[in-house]
Amino acid sequence: MSFDVDVELRRGDFALAVAFQASTGLTALFGPSGAGKTSVLNMIAGVLKPARGRIAVDGQVLFDSVAGVNLKPEHRKVGYIFQDARLFPHLSVRDNLLYGYKLTGAAGRYAAPDHIIEVLGIGALLERQPGSLSGGEQQRVAVGRAILTSPRLLLMDEPLASLDDARKQEILPYIEQLRDDVKIPILYVTHTRAEVDRLAAAVIGIENGRVTS
Amino acid sequence: MFELSPAEWEAVGLSLKVGLWSTLLSLPPGFFLAYVLARFQFPLKSLLSGVVYMPLVLPPVVTGLMLLMLFGTRGPAGRFLYDVFGITVAFRWTGAALAAAIMGLPLMVRAMRLSIEAVDTRLEIASRTLGAGWWRAFFTITLPLSMPGIIAGAILSFAKSFGEFGATITFVSNIPGETQTLPIAIYSFLQSPDGEGPAVRLAILSVIVSVAAIIGSEWMERRAISRIRTST
């Protein structure tokens, strides 16, 4: 499995033009704050429209400005883990986990709830409300919620940035295990060198809206 | 001491009927207006919110007069309702419900708008990336999270409708059993000799309803806020 991205975006003074390819395994999108990393993820997820470009996963076009293709976020089968976990506060952990799972057709599912809950170690939290969880627990639930939609591509936007060091160490093994467990490309945004070294098989550097390496 | 006469019961019953109908009537447009004002930026937005909130600051008698000119038997809207649906609102309890709905709308829209603004749109984006279409995200995320504000707005609108006086008496007059709601009955009792007793009894009743509504809606608002705070 692989995906291609070639997008351009303008926002006032800021111009972004990024093109890269990535395949199964974890690819780090590495660069300083404000480099445009999150914008790239938003464009792949379909919540931000590029001014020009093309995005394709496994040969299926998600966006193509020339051909006039722009799939809605719900049709892209792209999992998105945000910096803030964004769990739904009115739903239990269980209902959060199954929110997207239930919307995924049985034929397209490869992730099973029992297995993912075990891998992430969140079995004891299922009946709790998100507001009562620690930051690390919330982020693990958010990871599970995205994986359970059986995406063909996973986007992670600085999933550890809002956590302290102890919590980071708590979550890193789960991300590693997940990376080896699901056979899909993962695009992992970070500005921390240590996370790149530990997790990534490939690195794409971004600075001022341009690919540097 | 707190025995109500049939005439007083009639006024209370009519106020309840008017309050319920006007609240039900204003819920769909009220929510729509609140959503548009909370989520969209567009030209003339301040004009729209000005029109919605106008009954709050306008003398009620002016609102009643405008309703009379629009929805009276010779008014354009009144004629339309009669020709198309066979409905007459002038000097009927339905007109009282309409006047009450207009007067309660600003309170309803304000409460709903605040609670819709408090719903984090990033949660809706998260729901879209999980496979939900716009409508599903609306019904499973936006609507339940703003529900306390919707209920609070409905309670406030009901309380306002239950006790609306100025616009109602101007628009549909003072007809016992048809348009003589609780506050209008209080006013009428005060015009007659020995009417003070019934007037005070009805006044106490309306104080109870109003205070209960305020407490209820504040409780709902607090619940909304605490729910959203614990979600970070």
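Residues numbered from 1 in each chain as written. Chains lettered and ligands numbered in written order. Predicted model: local features only at pLDDT ≥ 70, side-chain atom pairs only at ≥ 80, totals over all residues. Heavy atoms only, no water.

(A) The pairing of strand 10 (residues 202-207) of chain A, seen in detail. All names here are of chain A. Direction of pairing for strand 3 (residues 25-30) relative to strand 10: parallel, over a ladder of 4 bridges. Residue pairing for strand 10: Ala 28 is matched across the bridge by Val 203. Two elements, strand 10 and strand 11 (residues 210-211), share 2 bridges in a ladder whose sense is antiparallel. When the sheet's bridge partners are listed, Glu 207 is paired in strand 11 with Arg 210. Joining the antiparallel neighbours strand 10 and strand 11 is a turn of 2 residues, in which Asn 208 adopts a positive phi near 50°. (Pairing = 2+ DSSP bridges. Helix = DSSP H or I, 4+ residues; strand = E, 2+ residues; numbered from the N terminus.)

(B) Representation of helix 7 (residues 134-162) of chain B. Helix length check: helix 7 of chain B, at 29 residues, gives a terminal C-alpha distance of 36 Å against a target of 42 Å (1.5 Å per residue), a shortfall beyond 12%. Of all the bends in helix 7 of chain B, the greatest reaches close to 55° and is centred on Met 147 of chain B; the proline Pro 148 of chain B follows between one and four positions later. (Expected span 1.5 Å × (residues − 1). Bend = angle between axes of the 7 residues up to and from the residue.)

(C) Molecular detail of the environment of Leu 68 of chain B. Within the secondary structure, Leu 68 of chain B sits in helix 3 (residues 60-71). Ignoring anything within four residues of it in the chain, the contact list for Leu 68 of chain B reads Thr 170 and Phe 171 of chain B. (Contact = heavy atoms within 4.5 Å.)

(D) Up close: the interface of chain B and chain A. With 22 residues of chain B in contact, the opposing surface of chain A contributes 22 residues. When chain B packs against chain A, the two sides together hide about 1,900 Å² of surface, and 66% of this comes from carbon and sulfur. Joining chain B to chain A, the criterion identifies 2 salt bridges. Across the salt bridge formed by Arg 122 of chain B and Asp 84 of chain A, the nearest N and O atoms sit 2.9 Å from each other. Between chain B and chain A we count 6 residue pairs in polar contact (both at pLDDT 80 or more) in total. Class assignment of the residues belonging to the side of chain B that touches chain A gives a composition of 10 nonpolar, 8 polar and 4 charged. (Buried area = accessible area lost by both parts, 1.4 Å probe. Salt bridge = Lys/Arg side-chain N within 4 Å of Asp/Glu carboxyl O. Polar contact = N/O pair within 3.5 Å; in protein donor to acceptor, adjacent residues only side chain to side chain. Nonpolar A, V, L, I, M, F, W, Y, C, P; charged D, E, K, R; others polar.)

(E) Spotlight on the packing of helix 6 (residues 121-129) of chain B against helix 7 of chain B. Residues and elements named next belong to chain B. Where helix 6 contacts helix 7, the axes come no closer than 9 Å and their chain directions differ by 145°. The interaxial crossing formed by helix 6 with helix 7 has right-handed handedness. Of helix 7, the residues touching helix 6 (which contributes Leu 123, Glu 124, Ser 127 and Arg 128) are Trp 134, Ala 137, Ile 141, Thr 142 and Leu 145. Split into classes, the residues belonging to the contact of helix 6 with helix 7 amount to 5 nonpolar, 2 polar and 2 charged. (Axes fitted to C-alpha atoms, helices over the stretch in contact; angles between N-to-C directions. Left-handed = near helix turned anticlockwise from the far one by under 90°.)

(F) Representation of the packing of aromatic side chains. With the rule as written, the count across this model stands at 17 aromatic pairs over all chains. Geometrically, the ring pair formed by Phe 3 of chain A and Phe 20 of chain A is edge-to-face, given 6.2 Å between the ring centres and 85° between the ring planes. Of this pair, Phe 3 of chain A sits in strand 1 (residues 2-11) while Phe 20 of chain A sits in strand 2 (residues 14-23), placing them 17 residues apart in sequence. In terms of burial, Phe 3 of chain A and Phe 20 of chain A fall into one category: buried. Relative to Phe 139 of chain B, the ring of Trp 135 of chain B has its centre 6.1 Å away and its plane inclined at 25°; by these criteria the two rings are stacked. (Phe/Tyr/Trp six-rings, centres within 6.5 Å; stacked < 30°, edge-to-face > 60°. Buried < 20%, exposed > 50% of the residue type's maximum accessible area, 1.4 Å probe, protein only.)

(G) Structural context of the confidence of the model for chain B. Of all residues in chain B, 95% have pLDDT values of 70 or greater, and the mean over the chain is 90. Taking the mean pLDDT of every element in chain B, the minimum, 82, falls on helix 10 (residues 196-229) of chain B and the maximum, 96, on helix 6 of chain B. (pLDDT = per-residue confidence, 0-100.)

(H) The arrangement of helix 1 (residues 6-39) of chain B in detail. With 34 residues, helix 1 of chain B extends 48 Å from end C-alpha to end C-alpha; this agrees with the ideal 50 Å at 1.5 Å per step. In the structure, helix 1 of chain B departs most strongly from a straight axis at Leu 27 of chain B, where the bend amounts to approximately 40° and where the proline Pro 28 of chain B lies between one and four residues downstream.

(I) View of the nonpolar core. All names here are of chain A. Counting 39 residues, the largest nonpolar core has Phe 3, Phe 20, Leu 29, Ile 44 and Leu 155 as its most contacted members. Per element, the largest residue contribution to this core is 5 residues, and it comes from helix 1 (residues 37-45). Residue contacts for Leu 29: discarding those within four places in its chain leaves Phe 20, Lys 37, Val 40, Leu 41, Leu 187, Tyr 188, Val 189, Thr 190, Ile 204 and Ile 206. (Core = buried A, V, L, I, M, F, W, Y, C linked by side-chain atoms within 4.5 Å.)

(J) Local environment of the pairing of strand 8 (residues 153-157) of chain A. Residue and element names in this part refer to chain A. With 5 of 5 residues buried, strand 8 is to be regarded as a mostly interior element. Here strand 8 shows no split at all, with Leu 153, Leu 155 and Asp 157 on one side and Leu 154 and Met 156 on the other all buried. When strand 7 (residues 78-81) meets strand 8, the two strands line up parallel, connected through 4 bridges. Following the sheet pairing, Val 78 is matched in strand 8 by Leu 153. Where strand 8 meets strand 9 (residues 185-190), 4 bridges bridge the pair, whose relative direction is parallel. Counterpart to Leu 155 in the pairing with strand 9 is Leu 187. As for the winding sense of the linkage, the β-α-β connection from strand 8 through helix 5 (residues 165-181) to strand 9 is right-handed. (Right-handed = clockwise from strand over helix to strand, strands pointing away.)

(K) Representation of the confidence of the model for chain A in the model. Per-residue pLDDT for chain A has a mean of 91; in total, 100% of the residues score no lower than 70. At the level of individual helices and strands, chain A shows its lowest average pLDDT in helix 5 of chain A, which scores 84, and its highest in helix 2 (residues 93-101) of chain A, which scores 96.

(L) Region of interest: the packing of helix 5 (residues 93-117) of chain B against helix 7 of chain B. Residues and elements named next belong to chain B. With their axes 8 Å apart at the nearest point, helix 5 and helix 7 run at an angle of 160° to one another. Of the possible angle classes, the one that applies to helix 5 and helix 7 is roughly antiparallel. The two elements helix 5 and helix 7 cross, and the hand of that crossing is right-handed. In contact with Ala 100, Ala 101, Met 103, Gly 104, Leu 107, Met 108, Ala 111, Met 112, Ser 115 and Ile 116 of helix 5, helix 7 contributes Ser 146, Gly 149, Ile 150, Ala 152, Gly 153, Ala 154, Leu 156, Ser 157, Lys 160 and Ser 161. Its residues placed into classes, the contact of helix 5 with helix 7 shows 12 nonpolar, 7 polar and 1 charged. (Parallel < 35°, antiparallel > 145°, perpendicular 65-115°, else oblique.)

(M) Spatial organisation of the pattern of salt bridges. For the structure shown, the criterion picks out 16 salt bridges over all chains. Between Arg 167 of chain A and Glu 170 of chain A there is a salt bridge; the shortest N-O distance is 2.7 Å. Of this pair, Arg 167 of chain A and Glu 170 of chain A both sit in helix 5, 3 residues apart, roughly one helical turn. In this structure, the salt-bridge partner of Arg 193 of chain A is Asp 197 of chain A, at a minimum N-O distance of 3.7 Å. One end of the pair, Arg 193 of chain A, and the other, Asp 197 of chain A, are both in helix 6 (residues 193-199), 4 residues apart, so they sit about a helical turn from each other. Given a relative accessible area of 56%, Asp 197 of chain A falls into the exposed group. It is possible to trace a salt-bridge network through shared partners that takes in Asp 84 and Arg 86 of chain A together with Asp 120 and Arg 122 of chain B.

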